[in-house]
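# Inside the fold
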Amino acid sequence: MLANWMASAGEVSRYQRESTIPVLHLEAEEIDEAVEVLRLGKGHLHVMLMCMYVKDLGVTGTARQMRRSPSTIHGYLDEADRWIDAWLQAKQDAKEGQQQRVSSRLNGSL
């Protein structure tokens, strides 16, 4: 997911998989929004993502920058991926719920 986010933002990392799935512009914007939300309650994950993907420090460089072990950075990557996935799913669920409410109102007024 994060590799796709970086690819859609025009960032190329030497740690990216060789092939990435193209991401629609709206999906990239949603992932960017999720990453920015991390600043509020999960600042360490936001810092880690910026070091890994924007500064392109890799795991070792990010670990050094954040004064953590590489295994901790790997854990942060997993945590960030799960958190972003859950955030995107919650956003999608809310959107679908809103669409259902609007549809119900329209069908009820007909």
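One can find the structure itself at the top, above this paragraph.
Residues numbered from 1 in each chain as written. Predicted model: local features only at pLDDT ≥ 70, side-chain atom pairs only at ≥ 80, totals over all residues. Heavy atoms only, no water.

## Here's the deal with the overall build of the protein chain
- Broken down by element type, the protein chain carries 5 helices and 0 strands.
- The helix and strand sequence of the protein chain, counted from the amino end, reads α-α-α-α-α.
- Counting all 110 residues of the protein chain, 31% fall into the buried class.
- In the protein chain, 56% of the contacts between residues at least 6 apart in sequence involve partners at least 24 apart.
- Here the protein chain displays about 7,400 Å² of accessible surface, and carbon together with sulfur accounts for 51% of that area. (Helix = DSSP H or I, 4+ residues; strand = E, 2+ residues; numbered from the N terminus. Buried < 20%, exposed > 50% of the residue type's maximum accessible area, 1.4 Å probe, protein only. Contact = heavy atoms within 4.5 Å. Areas by Shrake-Rupley, 256 points an atom, 1.4 Å probe, with all protein chains shown as cover.)

## Some details on helix H4 (residues 58–66)
- Here H4 has its buried residues at Gly58, Val59, Gly61, Thr62, Ala63 and Met66.
- Downstream of H4 by a residue or two, Arg67 has a phi angle that is positive, lying close to 60°.

## Details of the packing of helix H3 (residues 43–54) against H4
- Between H3 and H4, whose axes approach to 9 Å, the crossing angle comes to 135°. Judged by the angle between their axes, H3 and H4 are oblique. Of the two elements, H3 crosses H4, and the hand of that crossing is right-handed. Contacts from His44, Val47, Met48, Cys51 and Met52 of H3 reach H4 at Gly58, Val59, Thr62, Gln65 and Met66.
- Broken down by class, the residue content of the contact of H3 with H4 amounts to 6 nonpolar, 4 polar and no charged. (Axes fitted to C-alpha atoms, helices over the stretch in contact; angles between N-to-C directions. Parallel < 35°, antiparallel > 145°, perpendicular 65-115°, else oblique. Left-handed = near helix turned anticlockwise from the far one by under 90°. Nonpolar A, V, L, I, M, F, W, Y, C, P; charged D, E, K, R; others polar.)

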